[in-house]
Amino acid sequence: MDYYANMEALTDDNKNVFVKILRFGPLTKKKIIEYTHMKLTTLNRSIQVLIHAKLIVEIGEQASTGGRKPALFDVNPMAYYLVGIDISRTYSKVIITNLKREILFDKEFEMKHDMTPYKTVECIKKLYLRGLRSLGLKKESILGGGLGTIGPLDPREGIIHKPNNFYAKGWTNVPIKNMLEKALGINMVIDNGANTAVYGEYVSRSLIEYKNIVYVNCGIGIRTGVMAGGKIISTIHNSNDAFGHMVVNFDGEPCYCGQYGCVECYASILAIEKKYRSYLKLGRETNIKKPISQITYGDIIRAGDHGEELAQDVLASAARILGIGLVNYVTLVNPEKIILSGPMMNLSDIFYHMVITYIEKSVLKDGHSIVFVRGGAYKDNAIALGAAHMFLRDKLQ
Ligand SMILES: [Zn+2]
């Protein structure tokens, strides 16, 4: 069966029904009519088309108190698949997901100092082919794919411009979309990783009722994605580190972006490690038995968990600065839900809880409430999963 012929042949009504089943399914016909305000005859035609195209299936019956039980329709989890790719500073990842957003294959590799764009694409191709083999899938069952990566980038042209802090050379003005499409033999979409991550969380079942979501990833850099009214809000240059370069102290530390006192100068992994080492050079005591230059954020987090005063001080003051930044951000974009993810949030209880405390203390008054989620529904797979499903979203618009 030729997928593109089927997809292109879908009418607006067909797409409308499919989008509702994708997001809220499994659904009865009655529920679909509530969502779409469609006539039953039109809905019946669309359901026939979608079943014939193998995009949806009838999955038995809903429990009922009496009479005939209504049929339920859900996305077909076994006909078509999507590829999600995440290219980050420290690792890159390939996933294969079905249309129900279940991750069936995920593998990553380290972005060592020799990982040029060419070599990275070769590694991605190897993992993709391994994924197809291990799942027993034919290439024709892959609808397409998405890439979430580091900005600034041009999503239309599919070019990564000039990302900061990449170890390997050659990452300036890279036509990455084209390179991946040729290597994998599929069509791709590309966006910055924080945007694809917030989209991934938006389509997850656990956030189905939320349309205003902020995604914060705190790691080597600080990346944020915002979804308002179900739409992604992009910055002008499509960079995802704009929040990290909000100035919180005019007289503060110099930042590589040229400003002083950016959030990232205090709350990123690199900033936390630098601060900790600077205290040791001043003679503060540590329980970490390593040369100063080899102490990592993981050591600092563990020391904090075991009650070391210095580690706790450094983590708390980093969390305070991130908290100040987020208080301003929350005031500006007014989200219902905030996903706090990335290594600092996932690994450090002290850091995570301090950040929430600052936000709650400052902005959550007068009945205003925000739901906080640690890590998110897809954890480390959010960037790749969201990118994969952006491909489907674009096909259904
Ligand atoms: Zn900066």
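All figures in this text were calculated on a predicted structure; none of them were measured in a lab.

1. Examining the coordination of the zinc ion
Metal coordination angles have textbook ideals: 109.5 degrees for a tetrahedral set of four donors and 90 or 180 degrees for an octahedral set of six.
No. 1: Listed as protein donors to the zinc ion are H245 (ND1), C255 (SG), C257 (SG) and C262 (SG); their distances from the metal cover 1.9 to 2.3 Å.
No. 2: Around the zinc ion, the four donor atoms are arranged such that angles at the metal cover 106 to 120°; this shape is classified as tetrahedral.

2. Digging into the pattern of salt bridges
No. 1: Scanning the entire structure with this criterion turns up 13 salt bridges.
No. 2: Between D299 and K290 there is a salt bridge, with the nearest N and O atoms lying 2.8 Å from each other.
No. 3: Residue classification places D299 among the buried residues on the basis of a relative accessible area of 9%.
No. 4: Where R302 meets D299, a salt bridge forms, and the shortest distance between an N and an O atom there is 3.0 Å. In this pair, R302 and D299 are both assigned in helix α10 (residues 297-305), three residues apart and thus about one turn of the helix distant.
No. 5: Here the salt bridges share partners, and the residues they tie into one network are K93, D106 and E108.

3. Description of the environment of G185
No. 1: If you trace the backbone, G185 turns up in the loop between α6 (176-184) and β9 (188-192).
No. 2: On the basis of relative accessibility, which here comes to 61%, the residue G185 falls in the exposed class.
No. 3: Residues G185 and K125 lie 60 residues apart in sequence; the distance between their C-alpha atoms is 9.8 Å.

4. Things to note about the nonpolar core
No. 1: Core analysis: the biggest nonpolar cluster contains 46 residues, and F18, I21, L55, L99 and L392 have the highest contact counts within it.
No. 2: Every element with two or more residues in this core is listed here: α2 (12-24), α4 (40-52), β2 (71-75), α7 (193-203), β10 (213-218) and α14 (382-395).
No. 3: Broken down by element, the residue count for this core peaks at eight residues, all from α14.
No. 4: Dropping the residues within four chain positions of it, L99 is found in contact with F18, L22, L55, V75, N76, Y80, L82, L143, H389 and L392.
No. 5: Counting 40 residues, the second-largest nonpolar core is a separate cluster that includes I272, Y276, L340 and F351.

5. Focus: the domain arrangement of the protein chain
No. 1: In terms of domain boundaries, the protein chain breaks down into domain 1 (3-75), domain 2 (81-202 + 381-395) and domain 3 (208-376).
No. 2: Taken together, the contact pairs 25 residues of domain 2 with 25 residues of domain 3.
No. 3: For the domain 2 and domain 3 pair, buried surface summed over both sides reaches about 1900 Å², with 60% attributable to carbon and sulfur atoms.
No. 4: For domain 2, the biggest contributors to the area lost against domain 3 are V198, E201 and Y202; these three give 32% of the whole.
No. 5: There are zero salt bridges connecting domain 2 and domain 3.
No. 6: Elements with a minimum of two residues in the side of domain 2 that touches domain 3: β9, α7 and α14.

6. Considering the sheet that holds strand β4 (residues 91-98)
No. 1: Read across the open sheet, the five strands follow the order β5-β4-β3-β6-β9; overall the sheet is mixed. At either end of the open sheet lies a strand with only one pairing partner, and these are β5 (103-110) and β9. Direction aside, neighbouring strands of the sheet carry axes that sit 15° apart on average.
No. 2: The sheet contact formed by strand β3 (residues 81-87) and strand β6 (residues 142-149) spans seven bridges and is parallel. Paired with L82 across the bridge in β6 is G144.
No. 3: The sheet strands contacting α6 are β3, β6 and β9, and the helix crosses β9 at an angle near 145°.
No. 4: Helix-sheet contacts for α14 involve β3, β4, β5, β6 and β9, and the interaxial angle to β3 is about 130°.

7. Re empty space enclosed by the protein
No. 1: Here the structure, examined in full by the defined rule, presents two cavities of 30 Å³ or more.
No. 2: By volume, the largest cavity is sized at about 50 Å³.
No. 3: Surrounding the largest cavity, R89, I150, G221, I222, R223, N240, D241, Y256 and E264 form its lining.
No. 4: A per-class count over the lining of the largest cavity returns three nonpolar, two polar and four charged.

8. A few points about the packing of aromatic side chains
No. 1: The full count for this structure, using the stated rule, is three aromatic pairs.
No. 2: Aromatic side chains Y199 and Y202 sit 6.0 Å apart centroid to centroid with 40° between the ring planes, which places their arrangement in the tilted category. One end of the pair, Y199, and the other, Y202, are both in helix α7, three residues apart, so they sit about a helical turn from each other. Each member of the pair, Y199 together with Y202, is buried.
No. 3: The positively charged end of R284 is found above the aromatic ring belonging to Y279, 5.3 Å away from the centroid.
No. 4: Between the NZ or CZ atom of R393 and the centre of the ring of Y199, over which it lies, the distance is 5.1 Å.

About the thresholds
Residues numbered from 1 in each chain as written. Predicted model: local features only at pLDDT ≥ 70, side-chain atom pairs only at ≥ 80, totals over all residues. Heavy atoms only, no water. Donors = N, O, S within 2.8 Å, 3.2 Å for Na, K, Ca; no water. Tetrahedral: all angles 85-135°; square planar, octahedral: opposite > 155°, others 65-115°. Salt bridge = Lys/Arg side-chain N within 4 Å of Asp/Glu carboxyl O. Buried < 20%, exposed > 50% of the residue type's maximum accessible area, 1.4 Å probe, protein only. Helix = DSSP H or I, 4+ residues; strand = E, 2+ residues; numbered from the N terminus. Core = buried A, V, L, I, M, F, W, Y, C linked by side-chain atoms within 4.5 Å. Contact = heavy atoms within 4.5 Å. Domains from an automatic or database assignment. Buried area = accessible area lost by both parts, 1.4 Å probe. Pairing = 2+ DSSP bridges. Axes fitted to C-alpha atoms, helices over the stretch in contact; angles between N-to-C directions. 1 Å grid on protein atoms, 1.4 Å probe; cavity = no way out; pocket = protein on both sides within 12 Å on 5 of 7 lines; lining within 4 Å. Points joined across faces, edges and corners; volume = space filled by probe spheres on them. Nonpolar A, V, L, I, M, F, W, Y, C, P; charged D, E, K, R; others polar. Phe/Tyr/Trp six-rings, centres within 6.5 Å; stacked < 30°, edge-to-face > 60°. Lys NZ or Arg CZ within 6 Å of the ring centre and 35° of its normal.

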